[in-house]
Amino acid sequence: MKTKLFRRASIVLSSLALLAVCSVPALAREVAKPAATAPVNPQSDAAKAWNFAASDVAVDPNIVFGILPNGMKYALLKNSTPKDSVILRMRFDVGSFAEADDQRGLAHFLEHMAFNGSTHVPEGEMVKLLERKGLAFGADTNASTGFDQTVYKLDLPNASDDLIDTGLMLMRETAGELTIDPAAVDRERGIILSERRARDTYQLRSLIDQLDFQMQGMKVASRIPVGTEEVIKTAPASRLRDLYDRYYRPERATLVMVGDFDPAAIEAKIKARFGDWKGRGPAGADPDIGNLDYKRSAAADDFIDPAIQDSVTIAAFKPWVIEPDTKAKRARNLAEEVGEAIVGRRLAKVALQEDSPILAGYFSDAEGWKVFDQITVGAVAKEGAWKAALALVEQETRRAVEHGFTQAEVDEQIANRRTAFKNAVSGVTTRRSDSLADALVDAADGDYVFTRPETGQALFEAAAPGLDAAAVTAAFRKRMEGFGAPTARVTAKAPIEGGTDAILAALKASQQVAVAAPTQAQSAAFAYDNFGTPGKIVSDTRIDDLGIRRIRFANNVMLNIKTTDFQKDRVYLSLRVDGGNLLATREDPTRVALAGSLLVGGLEAHSFDDLRTILAGKTVSPVLGSGTDAFGGSALTSPEDFALQAKLMAAYLTHPGYRADGLALLRRALPQQYAANDATPAAVLGRDAGGILANDDPRTQTPPLEKMMALDWAQLKPAITDSFEHGAIEIGVVGDIDEQAAIDAIAATFGALPERRAAFDPRDAARIRAYATNRSERTLIHKGPAEQAEVRVYWPARDDSDLTEAMQLNLLSRVMQLKLTEELREKLGESYSPGAGASLSDEFPGYGHLFAASNVDFKDIATTRSAIFAIAKELRDAPVDADLIDRARKPLIEAMTKARRENSYWLPYVAEATSRADRLDRSRKSLAIVEGVTAAQLQTLAKRYLVDDKALVIKAVSDKAGK
């Protein structure tokens, strides 16, 4: 299945990174005749509406697909992961492509208006209604607008009739009952302008430049969903109403529900709720998004910004051929995808070479709006090395076409895919409802048949035997036929000498270079299979109420296990080795800074790249990083590969490679990372705020680039050797695994090591962290647009050792978040996303803070700052009203309850269940504490902590502000 690059280009631009590296022009539609297929699927109206009736790929029989007489489609699936929850998605087949020139941004504006008044829900009440029922705005209540769709999302925390009825009522209100009151529209303008201001980054500007270059003749670059400032400021409500009436119609709507419910009962509710929905006035036509000139000559483009990653892309396009989803198509796509993955794998190998001009490379393909077919090969380049990077990606692609692939390369990709299908099948009973719902929304276009994992596995196994090197090579060569001339694009921090002419000349020069056949890779076996005599258990106890088993081996290695059924055949393995960032000192703050990158240093016997080949087809991943007080990390594996995952982690501990190619990769990457450190308000705050809050402790400050570039493995090794050889070790295991199998695997690896210290060194002196003594207001300077600013107010608090007060402070910060949203977003219209929180350390005694933050227009800094302090005063001066506490408390309780059904919730507890057993009470008691918090307690805390003269204000403003 081809990637739909721009189908997911939501207004929040969560897919921005993908969009920025994958180009997209469109082409004339070329419709192929549907292939003759055996009808294995239902032939009902619903099957035809969802476009799987004619396919010979069997649809998932557990899904109830439907279509109402008014044309609205729906899909329902009973699923119990997580238990007692329901996911709602409502998709409208309309996005920014449907906008007229004077409506640019109004598709997204409409999304906002869905939360601002409808026939049966007054303005300002929808979010409050949901909060009272346990849904948090943003986390459980959300929406996104793309070029060709708008999707509304509700994640219901339970499957009660009341909550389901409420969810369906709100979706029905959104579908056809929005009031779009002119006064409400005016009140929302500032919020959307704030969102647009926050999105105005160098990445977005690069994306627009890319679309404008690659899609000449199309509307794409001029229809970025966030719209234009002029339209957002001036468009009358009637223009939103026009878009709403023409495109929010039942024939353009799809409702998806996945969760712990009876599909028959839900189907009846949908028919009752949506059966009378009719469109208003004439329907809108499918928008004409333009076309490309496929005979366009080779072209080049550059985008220059001091913060941008240096990168190169070569893209090519041809008309999209529309064809049904069939077994034959899937088999062909599999062969093509294996070839494409091998090209990407080759680029990844090159990126790890010590003198490589690239940091990472990829090959991708995509379809755009059923109009064009696109391939892109690209790379993140070493700073200033665009020419070598461009030649490299061009020649590697051509090498694949001219010389094909080796059998070893094909076998590696087949092994990875076989394991992915196997894992999908083994986990079929615990698939996540939100993932299934989002996949069904994607399937609403009818591009592919929604299948069960077993069907996908069977189709793969039927096709895989024919995928030898010759077959994959032939499929890839066929895939590469018919594309137009390449478009080359370079992003760089400094202007390119010669500009686009130089880029085009470099591309043409590379095309004249002969490429040799690839070398045959030598396969090797994993070298670390025997760690000695398995360790003996000397202690074995259980914490019955939490289901945690604690074991200690004779060498003092600690093992904690909690078996769960949350995810079938999935298990987390956590490693903690005494040490971590506490080994750094004030005098040498970067002493262990490279420890977090030991992975790319590989092992003594295997490079990091070697491990990718050796471990192909295994559900394992290299893990070794650095936390505050421990080295290690966690990996998600399977019961079958658990023992291998343990061996891999033990090998990184006992035989780290410290390889030169890994260090070289880091030194190529660091300048790219540092270049963006002052590009936006959030970036400069992320760089500097931690050091300011910690009283300029050098261990909390971002080191100078030149200092980081000078670090090497030789400096790191003596700093961590004692920890690696003798430090206490604690292992955590959470998931679907037999206890004895986990014990045996750890006994054979970590349990077999020489004796370790029995306990973690408290390192009390290293845990001393002082809060900022200088509370004067600070101003940080970023290099983004003049109007972009952010204000943060910090109040010193405490650590999290007092569980009751910690949970009360957490709830207090949520109350502040709601008040900030109401004041800064709803009343003043100054900020799209104000926030508040509590950061209470569990590692540094007495250290912590409460904070309030808001991104604002530079001109609104003073009013925003005043509003934050006014809210703090309100919280000090009077008890919070019961409804506000209720709206803060219920989503928190629901989130905490839902989290307990996740392995990721339990992993931190289990990982420290022996060394930090005192923290287990947090799991036992936190819910009851939150449920019992009173308004008086919150006011007492506000009086204690939210004190004006203790506050520290940090602002981030542009270097262009006021100029």
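This text follows the structure it describes.
Every value quoted in this text rests on a predicted model; they were computed, and no experiment measured them.

Enquirer: I'd like a rundown of the overall build of the protein, residues and numbers included.
Expert: Helix and strand counts for the protein stand at 30 helices and 26 strands. Taken against the 2.2 N^0.38 rule, which gives 30 Å for 963 residues, the C-alpha radius of gyration of the protein at 29 Å falls within 12% of a compact globule. Dimensions of the protein, computed from the C-alpha atoms along their principal axes, are close to 75 × 70 × 60 Å. The buried share among the 963 residues of the protein stands at 59%. With the model as given, the accessible surface of the protein reaches about 36,800 Å², and the carbon-plus-sulfur share is 52%. Taking the average location of the 120 positive side-chain charges in the protein and that of its 133 negative ones, the two points are 0 Å from each other.

Enquirer: Describe in detail helix α5 (residues 161-176), supporting the description with residues and values.
Expert: The α-helix winds at 3.6 residues per turn, so residues separated by three or four positions along the chain end up facing the same way. Between its terminal C-alpha atoms α5 stretches 22 Å, which fits the 22 Å expected from 16 residues at 1.5 Å a residue. Most of α5 sits inside the fold, with 13 of its 16 residues counted as buried.

Enquirer: An account of empty space enclosed by the protein is needed here, citing residue identities and associated values.
Expert: Going through the model one piece at a time under the given rule, you end up with four cavities of 30 Å³ or more. Counted as a void, the largest cavity has a volume near 60 Å³. Forming the walls of the largest cavity are Ala114, Gly117, Ser118, Val121, Met126, Leu170, Glu173, Thr174 and Leu178. Top element by residues in the lining of the largest cavity is α5. It accounts for three residues. Of the residues assigned to the lining of the largest cavity, the class counts are five nonpolar, three polar and one charged.

Enquirer: Account for the sheet that holds strand β24 (residues 835-840), with residues named and values stated.
Expert: Overall, mixed pairing links the five strands, which are arranged β22-β26-β23-β25-β24 in an open sheet. With partners counted over all chains shown, the strands left at the sheet margins are β22 (778-782) and β24, one partner each. Each neighbouring strand pair of the sheet contributes to a mean axis angle of 20°, computed without reference to strand direction. Of the strands in this sheet, β23 (788-796), β24 and β25 (848-857) touch helix α25 (residues 803-827), which is tilted by about 165° from β24.

Enquirer: Provide a residue-level description of unusual backbone geometry, including the pertinent values.
Expert: The amide bond that connects Thr81 to the next residue, Pro82, takes the cis arrangement and shows omega of -5°. In this structure, Pro82 sits in the loop between β4 (73-78) and β5 (86-92). Phi is positive for Asn51, close to 65°, though the residue is something other than glycine. Within the element layout of this structure, Asn51 appears in the loop between α2 (45-49) and β3 (64-67). One non-glycine residue, Asp696, adopts positive backbone phi at about 60°. Locating Asp696 in the fold gives a position in the loop between α21 (681-693) and α22 (705-710).

Enquirer: So what's going on with the packing of helix α26 (residues 861-877) against helix α30 (residues 935-945)? Residues and values would help.
Expert: Helix-helix packing is characterised by the crossing angle of the two axes and by the distance between the axes. Running from N to C, α26 and α30 point in directions that differ by 125°, and their axes come no closer than 7 Å. Our classification of the angle between α26 and α30 gives oblique. Crossing of α26 against α30: the hand is left-handed. Note on element contacts: α30 touches α26 through Gln939, Ala942 and Lys943, opposite Leu875, Arg876 and Asp877.

Enquirer: Can you lay out the pattern of salt bridges for me, pointing to particular residues and giving the numbers?
Expert: For the structure shown, the criterion picks out 86 salt bridges. Note that Lys422 and Glu640 form a salt bridge whose closest N and O atoms lie 2.4 Å from each other. With Lys422 in helix α13 (residues 407-426) and Glu640 in the loop between β20 (630-637) and α19 (642-654), this pair connects stretches of sequence that are 218 residues apart. You can call Lys422 partly exposed: its relative accessible area is 39%. Two residues, Asp799 and Arg798, come together in a salt bridge whose shortest N-O distance is 3.3 Å.

Enquirer: Talk me through the sheet that holds strand β7 (residues 150-156); I want residue IDs and the actual numbers.
Expert: Pairing is mixed across the open sheet formed by six strands, whose spatial order is β3-β4-β8-β5-β7-β6. Each edge of the open sheet carries a strand with a single partner, namely β3 and β6 (141-145). Going from strand to strand, the sheet's axes swing by 15° on average, the running direction of each strand aside. Note: β5 against β7, seven bridges, orientation antiparallel. Bridging from a neighbouring strand, Arg91 pairs with Val151 of β7. Strands in contact with α5 are β5, β7 and β8 (253-259); relative to β5, the strand with the most contacts, it is inclined by about 10°.

Enquirer: Give a description of helix α24 (residues 739-748) that names residues and reports values.
Expert: Where α24 is concerned, the buried positions are Glu739, Ala742, Ile743, Ala745, Ile746 and Ala747. Of the residues flanking the start of α24, the one acting as N-cap is Asp738, its side-chain oxygen 3.1 Å from the backbone nitrogen of Gln740.

Enquirer: How would you sum up the packing of aromatic side chains? Please name residues and give values.
Expert: A complete count under the given rule lists 26 aromatic pairs for this structure. With a centroid separation of 5.6 Å and an interplanar angle of 80°, the aromatic rings of Phe115 and Phe137 are classed as edge-to-face. Of the two residues, Phe115 is situated in the loop between α3 (106-113) and α4 (126-132) and Phe137 in the loop between α4 and β6; the sequence distance between them amounts to 22 residues. Judged by relative accessible area, which is 12%, Phe115 ranks as buried. Using a relative accessible area of 35% as the deciding quantity, one classes Phe137 as partly exposed. Ring geometry for Tyr905 and Trp906: centres 5.0 Å apart, planes at 85°, overall edge-to-face. The burial state of Tyr905 is the same as that of Trp906; both residues are buried. Above the plane of the ring of Phe844 lies Arg769, whose end atom (NZ or CZ) is 3.8 Å from the centre.

Enquirer: So what about the environment of Ala770? Which residues, and what values?
Expert: Tracing the chain through its elements places Ala770 in the loop between α24 and β22. With relative accessibility at 35%, the residue Ala770 sits in the partly exposed group. Residues Ala770 and Pro845 lie 75 residues apart in sequence; the distance between their C-alpha atoms is 9.5 Å. Contact partners of Ala770, with chain neighbours within four places excluded, come to Leu693, Ala694, Asn695 and Tyr847.

Enquirer: Before we move on, can you summarise the nonpolar core with the specific residues and values?
Expert: Counting residues in hydrophobic clusters, the biggest one holds 66 residues, and the most contacted among them are Ile731, Val733 and Phe750. With nine residues, α19 is the single largest residue contributor to this core. Sequence-distant contacts of Val733, defined by excluding residues within four places in its chain, comprise Leu559, Asn560, Ile561, Lys562, Val571, Tyr572, Leu573, Phe642, Ala742 and Val910. The next biggest cluster of nonpolar side chains, apart from the first, holds 57 residues, and it includes Ala107, Met126, Val127 and Ile192.

Enquirer: Tell me about the pairing of β6, residues and numbers included.
Expert: Most of β6 is tucked away, with four of its five residues classed as buried. Here β6 pairs with β7 via five bridges, running antiparallel. Bridged to Thr145 within β7 is Thr150. The antiparallel pairing of β6 with β7 creates a hairpin that spans four residues between the two strands.

Enquirer: Could you give me a rundown of the environment of Val930, with the residues and numbers involved?
Expert: Structurally, the position occupied by Val930 is in helix α29 (residues 921-932). Under the relative-accessibility criterion, Val930 is labelled buried at 0%. Here the alpha-carbon distance between Val930 and Gln808, two residues 122 residues apart in the chain, equals 6.7 Å.

Definitions and cut-offs
- Residues numbered from 1 in each chain as written.
- Predicted model: local features only at pLDDT ≥ 70, side-chain atom pairs only at ≥ 80, totals over all residues.
- Heavy atoms only, no water.
- Helix = DSSP H or I, 4+ residues; strand = E, 2+ residues; numbered from the N terminus.
- Rg over C-alpha atoms; globule rule 2.2 N^0.38 Å.
- Buried < 20%, exposed > 50% of the residue type's maximum accessible area, 1.4 Å probe, protein only.
- Areas by Shrake-Rupley, 256 points an atom, 1.4 Å probe, with all protein chains shown as cover.
- Lys, Arg positive; Asp, Glu negative; His and termini not counted.
- Charge placed at Lys NZ, Arg CZ, Asp CG, Glu CD.
- Expected span 1.5 Å × (residues − 1).
- 1 Å grid on protein atoms, 1.4 Å probe; cavity = no way out; pocket = protein on both sides within 12 Å on 5 of 7 lines; lining within 4 Å.
- Points joined across faces, edges and corners; volume = space filled by probe spheres on them.
- Nonpolar A, V, L, I, M, F, W, Y, C, P; charged D, E, K, R; others polar.
- Pairing = 2+ DSSP bridges.
- Axes fitted to C-alpha atoms, helices over the stretch in contact; angles between N-to-C directions.
- Contact = heavy atoms within 4.5 Å.
- Parallel < 35°, antiparallel > 145°, perpendicular 65-115°, else oblique.
- Left-handed = near helix turned anticlockwise from the far one by under 90°.
- Salt bridge = Lys/Arg side-chain N within 4 Å of Asp/Glu carboxyl O.
- Polar contact = N/O pair within 3.5 Å; in protein donor to acceptor, adjacent residues only side chain to side chain.
- Phe/Tyr/Trp six-rings, centres within 6.5 Å; stacked < 30°, edge-to-face > 60°.
- Lys NZ or Arg CZ within 6 Å of the ring centre and 35° of its normal.
- Core = buried A, V, L, I, M, F, W, Y, C linked by side-chain atoms within 4.5 Å.

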